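# Inside the fold
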2 protein chains.
Amino acid sequence: MRAGPSQEDIRRHNLGALLRHVHLGGPISRAELTSRMGLNRSTIMALTSDLTAAGLVREELPRETGRAGRPSLVVRPESSRVYVFAFDVGPDRLVAARVGLGGVILDRRELPRRRGPFELPELVGALAGFARQMRRKTRPDTVCVGAAAAVAGGVRKGDGVITFGPNLMKPHQEVPFGEELGRRLGLGLPVSVGNDANLGALAEHSRGLGVSVKDLIYLHGDVGIGGGIIAGGHLLGGHDGYGGEVGHMVVNPGGRACGCGSHGCLEAEVGERALLEAAGRAKADQNGDAQQGKHGREAVRAVVDAADRGDIVAQEALKRVGDWLGLGVANLINIFNPEMVIFGGMLREIYLGSAARVRSQLTLHAMTPQRERLRLRTSALADDATLVGAAELAFAHVLADPLEVLARAGG
Amino acid sequence: MRAGPSQEDIRRHNLGALLRHVHLGGPISRAELTSRMGLNRSTIMALTSDLTAAGLVREELPRETGRAGRPSLVVRPESSRVYVFAFDVGPDRLVAARVGLGGVILDRRELPRRRGPFELPELVGALAGFARQMRRKTRPDTVCVGAAAAVAGGVRKGDGVITFGPNLMKPHQEVPFGEELGRRLGLGLPVSVGNDANLGALAEHSRGLGVSVKDLIYLHGDVGIGGGIIAGGHLLGGHDGYGGEVGHMVVNPGGRACGCGSHGCLEAEVGERALLEAAGRAKADQNGDAQQGKHGREAVRAVVDAADRGDIVAQEALKRVGDWLGLGVANLINIFNPEMVIFGGMLREIYLGSAARVRSQLTLHAMTPQRERLRLRTSALADDATLVGAAELAFAHVLADPLEVLARAGG
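Residues numbered from 1 in each chain as written. Chains lettered and ligands numbered in written order. Predicted model: local features only at pLDDT ≥ 70, side-chain atom pairs only at ≥ 80, totals over all residues. Heavy atoms only, no water.

### Focus on the relation of the copies chain B and chain A
- Superposing chain B onto chain A takes a rotation of 180 degrees plus a shift of 0.0 Å along the axis, which leaves an RMSD of 0.0 Å. These values place the two chain copies in the arrangement generated by a two-fold rotation axis. Among all residues of chain B, the minimum C-alpha distance to the rotation axis is found for B:Val251, at 3.1 Å.
- The fraction of interface residues of chain B whose copies in chain A are also interface residues reaches 98%, indicating that both copies meet through the same surface. (Least-squares fit on C-alpha atoms with pLDDT ≥ 70 in both. Contact = heavy atoms within 4.5 Å.)

And the structure:
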């Protein structure tokens with residue numbers, strides 16, 4: 001309920017909006033920007049000049065259009081010059097990437113990790129080491145404008161502290177991950193941190209299946225089950241930043257024990273361990289090596305493949321897990337009335353292997369008006385959804401205020 | 001990603017913001033408005049002049065302030081002149097009220113209704129009759145600026161059609177309630193329609209316990225269980241308008257049959273029927289007269305009172321219902337990470353009678369970081385929460401664009 005925006009606010013808003021068009025939509029002509037943004041040609045020209053001077057975009061003549069008249073200049077993101085570091089900390093792997101403006105993954109490093117609680121110095125040391133390696137390979141005129149990480153845990157709003165993560169940390173720890181990683185990177189930039197499923201939802205909403213979908217649920221499977229929810233076009237953050245922890249919705253009271261201390265959570269009934277145990281393929285030891293086929297994404301795929309080949313035990317395991325997944329999704333449909341539900345991580349395999357069971361649970365438990373227009377999909381960004389979301393989080397402040405970047409770049 | 005706002009947009013925004021201050025906060029001095037809205041004195045003066053000319057507010061000298069200097073004029077809503085009609089259609093009663101700008105209930109009518117499906121002509125006839133009675137008693141210079149209704153059912157976004165309501169309608173009906181009521185009112189005004197629990201949430205967020213709370217869940221008990229969710233300061237609407245139907249979250253798979261066709265829904269385990277049956281006080285006939293003590297709010301109160309007096313059957317019934325309520329609330333806490341959960345309608349009585357059980361379920365099933373700062377409350381607006389929400393919905397377009405009202409009033 002404050003006053004209207006100042007001229008400076010409007011200019012910043014328009015610069016951010018233009019840069020967002022180029023960043024998310026790719027190269028675009030000035031004429032098209034004029035039409036899409038509802039601004040006049042001279043304003044668009046002034047805005048692109050400012051962004052060009054700051055080195056965020058460049059303007060080029062288009063290729064032959066075959067049409068008469070002077071062609072409109074095409075505005076492109078400076079993808080190879082302006083970049084962010086994006087990190088993904090999962091139970092089974094660490095990923096670091098250098099991502100250019102426009103969303104291009106320019107370079108990446110990946111390391112399998114042993115399951116179990118991490119040691120903070122080792123973890124941030126490994127990630128910062130990757131960043132240094134990638135940075136050494138860049139040209140001198142490149143500029144890093146941000147950094148962010150996705151983690152398989154709960155991240156407190158504001159300070160990037162991880163406060164829970166049954167598949168990453170010991171219980172009752174508070175880990176100042178963002179602050180520590182920022183220090184080790186030594187770039188003079190703060191590191192934003194987000195829950196992996198929340199960032200997966202953001203990625204699908206920005207660059208995946210959920211572009212222009214205002215109400216979507218992204219479910220991420222990776223040992224546990226996480227959720228990211230876009231409601232009315234905005235990520236559901238919650239009061240402290242823990243919104244979307246749908247993996248700890250109890251679907252089976254008195255059911256399987258969950259790492260969170262409760263029983264019968266969606267994660268306990270649908271997660272990797274539930275599937276592998278039902279399929280007779282799990283070891284009691286959860287902290288063993290991440291050998292292929294023993295657990296992890298490969299082990300989940302193996303169950304789905306076996307079921308496809310007619311293995312009855314694998315089929316029964318998928319039915320059981322699919323029924324609980326369907327019940328959980330039905331609940332979420334009733335609660336959120338989403339337009340789309342996207343299955344990501346290892347839930348892609350589980351959903352594909354149990355879609356009929358999931359759908360029959362929806363028929364039983366989701367209300368008709370809520371499910372009539374619903375679409376169920378598997379992630380278009382595959383194993384990179386959470387990493388892509390981290391990159392978008394890192395770019396967010398540049399898009400919100402390119403002027404600040406202009407100032408830093410002396411523009 | 002459109003251009004910045006025009007001068008006209010800014011004026012409309014500021015007029016709406018000023019009117020909202022007066023409508024929600026009550027009489028306020030120009031000096032205070034200047035400070036709260038971050039605008040200069042002459043702008044505030046111009047805005048209040050426009051709103052005064054339109055008859056939406058009036059300015060008065062304050063009472064003795066005891067301070068030296070010229071006192072700042074106080075801006076008051078024209079509560080007795082500018083009003084809306086608000087309606088509440090519940091399973092057991094119909095309510096109609098004339099609500100003045102500023103949220104004052106100026107007049108009201110209430111009628112108990114027999115349970116069971118309604119007939120649309122009778123229903124809108126009764127409501128329109130109430131409105132006519134109340135209108136006849138108004139002074140000639142009063143003006144009706146809107147109308148809205150809360151209904152215990154699902155309302156499709158955009159057209160005010162009720163598409164489900166197990167406690168109001170036959171299954172598989174689509175009832176054009178808003179359109180029909182608008183026609184019968186004959187005021188030349190559209191009637192906005194909302195789900196009762198959604199409007200209860202809006203009311204608590206505007207005028208109840210949830211003012212300044214950006215993440216809250218309002219749970220409404222009235223035969224069934226409804227939910228309204230404010231996430232990040234906005235009502236969760238969902239893709240088709242059915243967001244917040246938490247009563248049909250399955251908490252007890254294979255449990256009690258629910259009116260929606262599923263089993264073990266929160267509504268089936270916690271609703272009025274579950275409590276009365278567990279307490280040995282329910283008749284099989286659900287469509288009997290709404291006699292006091294047989295069912296309805298009074299019957300629920302009687303169980304809680306009996307439990308307080310030591311009736312063991314009533315105590316056991318409340319424990320059972322409290323356990324399921326607690327499990328449902330734990331799930332919602334994990335999913336939404338709200339700052340506050342508000343129990344409304346007959347859930348006020350049930351929560352007060354089973355708070356210890358509810359809390360122990362939260363300890364078992366809600367994650368620690370999500371519940372550490374959570375507040376559980378009973379509705380401050382009591383039986384009027386849904387009606388007050390309907391009034392706020394009716395005022396919404398006036399607050400969004402007082403200029404339109406100005407134009408209609410010839411200002």
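### As for the interface of chain B and chain A
- Between chain B and chain A, the residue contacts involve 55 residues of the former and 54 residues of the latter.
- Both sides of the chain B and chain A interface together cover about 4,600 Å² of buried area, and 60% of this is carbon and sulfur.
- Seen at the junction of chain B and chain A, the total is two salt bridges.
- In this structure, B:Arg373 engages A:Asp240 in a salt bridge whose closest nitrogen and oxygen atoms are separated by 2.5 Å.
- The interface formed by chain B and chain A contains 24 residue pairs in polar contact (both at pLDDT 80 or more).
- When contributions to the side of chain B that touches chain A are tallied by element, the ones reaching two or more residues are helix 1 (7-25), helix 2 (30-37), strand 9 (162-164), strand 12 (224-231), helix 10 (312-336), helix 11 (347-365) and helix 12 (368-371) of chain B.
- A total of seven residues in the side of chain B that touches chain A trace back to one element, the largest contributor, which is helix 10 of chain B.
- When grouped by side-chain class, the residues that make up the side of chain B that touches chain A number 27 nonpolar, 20 polar and eight charged. (Buried area = accessible area lost by both parts, 1.4 Å probe. Salt bridge = Lys/Arg side-chain N within 4 Å of Asp/Glu carboxyl O. Polar contact = N/O pair within 3.5 Å; in protein donor to acceptor, adjacent residues only side chain to side chain. Helix = DSSP H or I, 4+ residues; strand = E, 2+ residues; numbered from the N terminus. Nonpolar A, V, L, I, M, F, W, Y, C, P; charged D, E, K, R; others polar.)

### With respect to the side chain of B:Glu272
- Here B:Glu272 lies in helix 8 (residues 272-278).
- Beyond its immediate chain neighbours, meaning those up to four positions away, B:Glu272 contacts B:Arg115, B:Val223, B:His295, B:Gly296, B:Val300 and B:Met346.

### A closer look at the sheet that holds strand 15 (residues 375-378) of chain B
Residue and element names in this part refer to chain B.
- Taking strand neighbours across the sheet as the criterion, the five strands line up as 13-12-11-14-15 in an open arrangement whose pairing is mixed. Single-partner strands in this sheet number two, and they are strand 13 (234-235) and strand 15.
- Here strand 14 (residues 340-345) runs beside strand 15; their pairing, made up of four bridges, is parallel. Bridge pairing in strand 15 places Val 341 opposite Leu 376.
- Packed on one face of the sheet, helix 6 (residues 196-207) meets strand 11 (216-222), strand 12, strand 13 and strand 14 and runs near 45 degrees to strand 12.
- Seen against the sheet, helix 10 touches strand 11, strand 12 and strand 14 and runs at an angle of roughly 155 degrees to strand 11. (Pairing = 2+ DSSP bridges. Axes fitted to C-alpha atoms, helices over the stretch in contact; angles between N-to-C directions.)

### Details of the domain arrangement of chain A
Residues and elements named next belong to chain A.
- Assigned domains of chain A: these are domain 1 (7-77), domain 2 (82-198 + 387-399) and domain 3 (209-380).
- Taking only C-alpha atoms, the centre of domain 1 and the centre of domain 2 are 31 Å apart.
- Every contact between the two is made by eight residues of domain 1 and, on the other side, eight residues of domain 2.
- Each partner contributes to the roughly 750 Å² buried at the junction of domain 1 and domain 2, and carbon and sulfur atoms together form 70% of this total. (Domains from an automatic or database assignment.)

### Describing the pattern of salt bridges
- The final tally for this structure, using the stated rule, is 68 salt bridges over all chains.
- Linking A:Glu174 and A:Arg156 is a salt bridge whose minimum nitrogen-to-oxygen distance equals 3.3 Å. Separated by 18 residues along the polypeptide, A:Glu174 in the loop between strand 9 (162-164) and helix 5 (177-185) and A:Arg156 in the loop between strand 8 (154-155) and strand 9 bring together distant segments of the chain.
- On the basis of relative accessible area, A:Arg156 is assigned to the partly exposed category, the value being 27%.
- In this structure, B:Glu179 and B:Arg183 form a salt bridge, with 3.1 Å as the shortest nitrogen-oxygen distance. With B:Glu179 and B:Arg183 both in helix 5 (residues 177-185), this residue pair falls four residues apart, about one helical turn. Here B:Glu179 matches B:Arg183 in class, with each residue exposed.
- Within this structure, A:Asp88, A:Arg93, A:Arg108, A:Glu110 and A:Asp384 form a network of salt bridges that share partners. (Buried < 20%, exposed > 50% of the residue type's maximum accessible area, 1.4 Å probe, protein only.)

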